[in-house]
Amino acid sequence: MSIFTPTNQKRLTNVAVVRMKKGGKRFEIACYPNKVTSWRSKVEKDIDEVLQTHAVFMNVSKGQVAKSDDLKRAFGTENQDEICLQILAKGEIQVTEKERHGQLESMFRDIATIVAEKCVNPETKRPYTVTMIEKGMKDIHYSVKPTRSTKQQALDVIKQLKETETFPIARAQMRVRIAVAARDAKKLKDKIKKIATKIEEEDFSDGLEMVLLIDPGCYREIDDLVRTETKGKGHLEMLSLKDVEEGDERL
């Protein structure tokens, strides 16, 4: 889709329209494609990377700007920046059926990826693959909600899978020990710290030995890192699983 803004006739291309009906009127804003979901999931924080223009429209494709009186009646303000934020938060993204299907499929996989990274099978103490989580989500007929963040929905999926009693799953972190020679210590330590959620122990007396907590899905990444950086001479050992408390709603 492309539009002309009525103020300067500048052509905007690849517009993603977000629409809200309020006070019996239709209001629209013009956004960059793929940025609305990023904004709602708090990945994108710069509003100027999301909005193509801070104007509020009655019809984006025709370049019809909303009247101040209509904005005041519907939103209680004429401040277009504030109104844009309201529409961005609660409006409906206008996409083709093909685009919508693609977005939902992408979100479905993103949710499964988050769950796989954060959870294990408590019976085998091993992480799940993304494919296994996707199958579990299909078995419980999980329906993706495009207006909610993938992290929020990952929590929903974990809860629903637990309730089935046929899909053993638990949020957990792995406690691992890494031991490497002194010459590899510094470059490896900086990279490991970016992946670990917590460093529990650190000892430089004979090379570097660290005990740390990681998300289960990061185990393979750390294993590859240790083997590559030390040319196979480093050591990685899983010590235990640390349960994540039920009340911890953060991912």
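First things first, this report covers the structure right here in the doc. (Residues numbered from 1 in each chain as written. Predicted model: local features only at pLDDT ≥ 70, side-chain atom pairs only at ≥ 80, totals over all residues. Heavy atoms only, no water.)

1. A closer look at the packing of helix α4 (residues 97-118) against helix α5 (residues 130-139)
In the contact formed by α4 and α5, the axes pass within 8 Å of each other and the chain directions differ by 115 degrees. Of the two possible hands of crossing, α4 and α5 adopt the one that is right-handed. Counting all contacts with α4, which are made through Phe108, Arg109, Ile111, Ala112, Thr113, Val115 and Ala116, the residues of α5 involved are Val130, Ile133, Glu134, Met137 and Lys138. The residue inventory of the contact of α4 with α5, partitioned by class, reads eight nonpolar, one polar and three charged. (Axes fitted to C-alpha atoms, helices over the stretch in contact; angles between N-to-C directions. Helix = DSSP H or I, 4+ residues; strand = E, 2+ residues; numbered from the N terminus. Left-handed = near helix turned anticlockwise from the far one by under 90°. Contact = heavy atoms within 4.5 Å. Nonpolar A, V, L, I, M, F, W, Y, C, P; charged D, E, K, R; others polar.)

2. What to know about the pairing of strand β4 (residues 25-31)
Each regular strand carries side chains that alternate between the two faces of the sheet. In terms of residue burial, β4 counts as a mostly covered element, since five of its seven residues are buried. By the bridge criterion, seven bridges tie strand β3 (residues 16-22) to β4 in an arrangement that is antiparallel. Looking at β4, one finds that Val18 is bridged to Ile29. The hairpin formed by β3 and β4 contains two residues between the paired strands, and Gly23 there has a positive phi angle of roughly 60 degrees. (Buried < 20%, exposed > 50% of the residue type's maximum accessible area, 1.4 Å probe, protein only. Pairing = 2+ DSSP bridges.)

3. Concerning the environment of Asp70
On the secondary structure map, Asp70 appears in helix α2 (residues 68-75). It is 43 Å that separates the C-alpha atoms of Asp70 and Gln160, two residues lying 90 residues apart in sequence. With sequence-adjacent residues up to four places away left out, Asp70 is seen in contact with Lys25, Phe27 and Met58.

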